[in-house]
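# Residue-level structure breakdown
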Amino acid sequence: MSNALNLSHLVEDPAAVARPGWSRWWRWAALPLSLVISASLGALTTLLFLQWFATTDDYRQVAALADFQPSVVTRVYADDGRTVIGEFALERRVPLSYDEIPLRMRQAIMAIEDARFEYHWGVDPIGLARAAWKNFLAGRTVEGGSTLTQQLTKILFLSPERTIERKIQEAILALQIERQYTKEQIMELYCNQINLGGGAYGVEAGAQYYFGKSIRDCSIEECALLAAIPKAPSGYSPILRPQEAKRRRNLVITNMLEAGYITAAEAEAAKATELKLNVTSARELNTSGPFAYVVEEVRRELESRFGTRGTHTGGLQVITTIDAPAQIQAVNAVRWGLHRYEERHGGSRRDTPIPNILEELKGKDLSTYRHPEWAYEPFNGMYLHGLVMRVTGRTAEVSFGKYRATVTFSPDHPLREGDLPMFVIKSGAPRNSAMEPVIDTPLPSAPASTSAPGRKGRRESSPPPTVPAPNGVLQVELRSLPAVAGALLCLDARTGEIKTMVGGYDFSQSKFNNATQANRQTGSCFKPFIYTAAIENGWTPDDLVSDTPFQSGNWSPRNYDGGFTGPIPLRTALAKSRNIPAVRLLASVGIRRGAEMVRRFGITNPMAPYLPSALGATEVPLIEMVAAYSVFPNKGKRAKPHLIRRILDYDGRTLFDFDRDETERETRVISDYVAAQMVDMMRGVVDGGTATKIRAVADGDLNKRQIGGKTGTVNDWTDAWFIGYTPSITCGVWIGYPGEKRTLGKGETGSEAALPMWIEFMKVYLRGKPIETFDKAPAPDAELEKLQAERDRQERKELESGVATLMEDTETSSAKRAITGQPGSPRDEEPTRPRRAQTLMEETTGQTAVDEAQSAKRAQRQRPSEPSDVVPPAPKPTVKKPSFITDDPPKPPRREPPGRDR
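What counts as what
Residues numbered from 1 in each chain as written. Predicted model: local features only at pLDDT ≥ 70, side-chain atom pairs only at ≥ 80, totals over all residues. Heavy atoms only, no water. Pairing = 2+ DSSP bridges. Helix = DSSP H or I, 4+ residues; strand = E, 2+ residues; numbered from the N terminus. Axes fitted to C-alpha atoms, helices over the stretch in contact; angles between N-to-C directions. Contact = heavy atoms within 4.5 Å. Polar contact = N/O pair within 3.5 Å; in protein donor to acceptor, adjacent residues only side chain to side chain. Salt bridge = Lys/Arg side-chain N within 4 Å of Asp/Glu carboxyl O. Buried < 20%, exposed > 50% of the residue type's maximum accessible area, 1.4 Å probe, protein only. Lys, Arg positive; Asp, Glu negative; His and termini not counted. Phe/Tyr/Trp six-rings, centres within 6.5 Å; stacked < 30°, edge-to-face > 60°. Lys NZ or Arg CZ within 6 Å of the ring centre and 35° of its normal.

Once that is clear, we can look at the sheet that holds strand E5 (residues 317-320). On the basis of which strands lie adjacent, the open sheet formed by five strands has the order E2-E1-E5-E19-E20 and mixed pairing. In the strand order of this sheet, the two ends are held by strand E2 (84-88) and strand E20 (654-657), each with one partner. Looking at each pair of strands side by side, their axes are set apart by 15° on average, direction ignored. The sheet contact formed by strand E1 (residues 74-77) and E2 spans four bridges and is antiparallel. Within E2, the residue paired with Tyr77 across the bridge is Val84. Sitting on the sheet, helix H14 (residues 292-313) touches E1, E2, E5, strand E19 (644-648) and E20, and the angle it makes with E2 is about 35°.

Here it is as structure tokens:
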């Protein structure tokens, strides 16, 4: 027997040996295989889910983020395209690109909201676990597990409700956002969308609102404060709850330190800093600055074009026609004129309470408050608001931004801390007007001019430079708000661009725009339209019109001085603003023709069909009167007045361009010849009429310029006007009590109440600009020459008839003397006969008078009208003018329909 047989039972079955190996293999392979299968099923499920999600509205919303257009601030610029003068926004948002967001701001957001933002893929399991553990230990919710991406989805797409369904949807949307966009894009969207309170959305708008500066200029603690607010804008408001805001700000700083973003020293210094706010809202910019009336007019026009929502959310860029320095100067000229009026009538008075910053906005830090007027360097003589920082007894310390002053106030009108009254700068400002550059360093004083004011010879073209007082200390005087209102509007006569618009003393006190909304009687400012109709109907500036008693029905017009001058040339009647000649001219040309002329000038309120309308009974807003007067220097064409030059959309595409899109930029009103004749006559108002104060101005070169214009005074001195123009600029001023026909006081004429404001503005605005001259008058057209010839024939006929009547009267008088035997000369016997008629009788025969009168008129009409800086003397009427007979009319004047007595 062999050993093999004996050992055969020790050999195992091969299949039996193999089974344990396969079992072990399966045991080892089952786990990874199940993971692979699960992953495949998960991937397939995810793929199917993504395919389904791609058909949902949520997916389309996420995909649309690439072209997302948020509600963006609409900005209004001055004519330079850089100076921001106003803003419109439902949500104040100034978008920034990722590179424009400072690193400190991004770090502050990640430190408090999502420390692992750069590592997760939309949902952070580690963050969720950490938040759950902290909440478990605290026994309440102290930390959320949402990522920054999830918060962005909540801001953009979801409601604030807290439900399981909403959290699931939030996570799904966050995953999709992370899948389609980069971390930089997500951070950019978040920084531009977060709500920071006060209507500010996004970090740039928040920085401007809370600190009055750009986010790029913010410190660590300021960035930390902005990062702290979004969790609860009202709960952590630094204005309403400064202590809670400071506590959370310090938490952000601590997190930044733990994340390694800042050093311990930086964190300690940032935490030790108190909250310093300079709350500036778009509302303050729009309602308290020198451009407030302009911005409101722009808003009205934008809303008419784009609607309210498009205006306030479209991110439009509006380039206006406003000259920013000139607008500031115009505001000051109006305020100066209104205070000047108050001083003539018993001094200033307080009709409205002084606004108080601390009352209007709790938590306002007075040390950092900035009024919109302080954004521009002040000048001597400027009227501006000052903030009362502290009061000691009867002394107040006042801030004007980087300037300050100390004032003493009356116990009858005490000042309080936080008050924002009006002051006038007497000295210490860095310049003398808004049009002058700021002097940063003292300049050597220039030798004083030896020329006395008004004396011919060398004259300084501008006042010597002003050296500001050391340490920014100003000398100021307190002023109260006047009850009277004023308005000023200046436009380019050739283009219609409005360069300045002042609708009142202060928009924050009265939002009614007296330059565009107030319909007021114009007084004698209306007369140039009547004279224009006469010139167009064949009259010439040297024709005589009778300034003698006139009656139409029960109405008899009177001149301002109550007297009469007899026959005077049209140019003299307009320069001296005689009322009766204007009425006679309207009667001569016809009321219908006069009303049509007024309509052609762009006056929308129709002229009443009565003779008193010649004296300015029609109510017209200032803007229409200024635009109408621009016809004269613009050679008979009326350029359409406008405030907006160009409108761009958010991406810089042009939506509107006035020169390109406006079809009726100008209209022909009168001929070049008629316009030139009116300019010639209206220059007489300045050179020898009711506006001669312009020629007495010693400051600058205003008195050397060719200027035309007209004063206007309404019955009982309720309104005073002056509208004047150079060859390129037309400017008008009005003063009166808003909303009522209340007298300004006896003697408050256009030359006394309105003209000084015009001078105060124009002497600065025109300083340094080229001295222009009006063009030479062209010859009249054939039709007008025919009308003038017809008037010559008619006047000749009237003259011959008048001379014959005088001769008959003289012969009759001589016969009476011969019968009665009473010797005497006509001069002795008829002392009441007009001197001109007596002289004519003594020196000439009737036919000679007719011939010489006609010759004199032709010579005057043919006299060249060339620009000249020499002030021409007012022409004097002579016996050889054709209308002398109107002093002693041979028959009663023609009766006109009864007119309305103003």
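This part takes up the environment of Glu342. With respect to the helices and strands, Glu342 occurs in helix H15 (residues 324-344). When the C-alpha positions of Glu342 and Ala483 are compared, they lie 8.4 Å apart, and in sequence the two are 141 residues distant. A polar atom in the side chain of Glu342 sits 2.9 Å from the backbone nitrogen of Ala483.

This next bit is on the pattern of salt bridges. Between side chains of opposite charge, a pair can form when the charged atoms approach closely. Under the counting rule described, the total for this entry stands at 47 salt bridges. A salt bridge links Glu87 to Arg75; the nearest nitrogen and oxygen atoms lie 2.9 Å apart. Highlighted residues: Glu87 in strand E2 and Arg75 in strand E1, separated in sequence by 12 residues. The closest approach of N and O atoms between Glu497 and Lys499, which form a salt bridge, is 3.4 Å. For Lys499, a relative accessible area of 9% gives the class buried. Put simply, Arg340, Arg344, Lys693, Glu748 and Glu752 are held in one network by salt bridges that share partners.

This next bit is on the pairing of strand E7 (residues 387-392). Direction of pairing for E7 relative to strand E8 (residues 395-400): antiparallel, over a ladder of five bridges. In the strand pairing of E8, Thr392 is matched with Thr395. Taking the residues between adjacent antiparallel strands as the criterion, E7 and E8 are bridged by two residues, where Gly393 takes a positive phi near 65°.

On to the side chain of Asp114. Along the chain, Asp114 falls in the loop between helix H4 (103-113) and helix H5 (125-138). The side chain of Asp114 is buried and forms no salt bridge, while Lys183, the nearest opposite charge, is found at 6.3 Å. Here Asp114 is in contact with Ile109, His120, Thr147 and Leu148, once residues within four sequence places are set aside.

The next subject is the packing of aromatic side chains. Considering all chains together, one arrives at 15 aromatic pairs under this definition. An angle of 65° between the planes, with centres 5.9 Å apart, marks the rings of Phe291 and Tyr376 as edge-to-face. One end of the pair, Phe291, is in the loop between helix H13 (282-288) and H14; the other, Tyr376, is in the loop between helix H16 (357-360) and strand E6 (383-385), with 85 residues separating them in the sequence. For Phe291, a relative accessible area of 2% gives the class buried. Arranged with centres 5.4 Å apart and planes meeting at 50°, the rings of Phe601 and Phe632 form a pair that is tilted. With Phe601 in the loop between helix H20 (591-600) and strand E17 (619-620) and Phe632 in the loop between helix H21 (622-629) and strand E18 (637-639), the pair connects residues that are 31 residues apart, well separated along the chain. With relative accessibility at 0%, the residue Phe601 sits in the buried group. One aromatic cluster in this structure is built from Phe526, Phe529, Phe601, Tyr629, Phe632, Tyr725 and Phe774. Its guanidinium or amino end placed over the ring of Phe656, Arg305 lies 4.0 Å from that ring's centre, counting from NZ or CZ.

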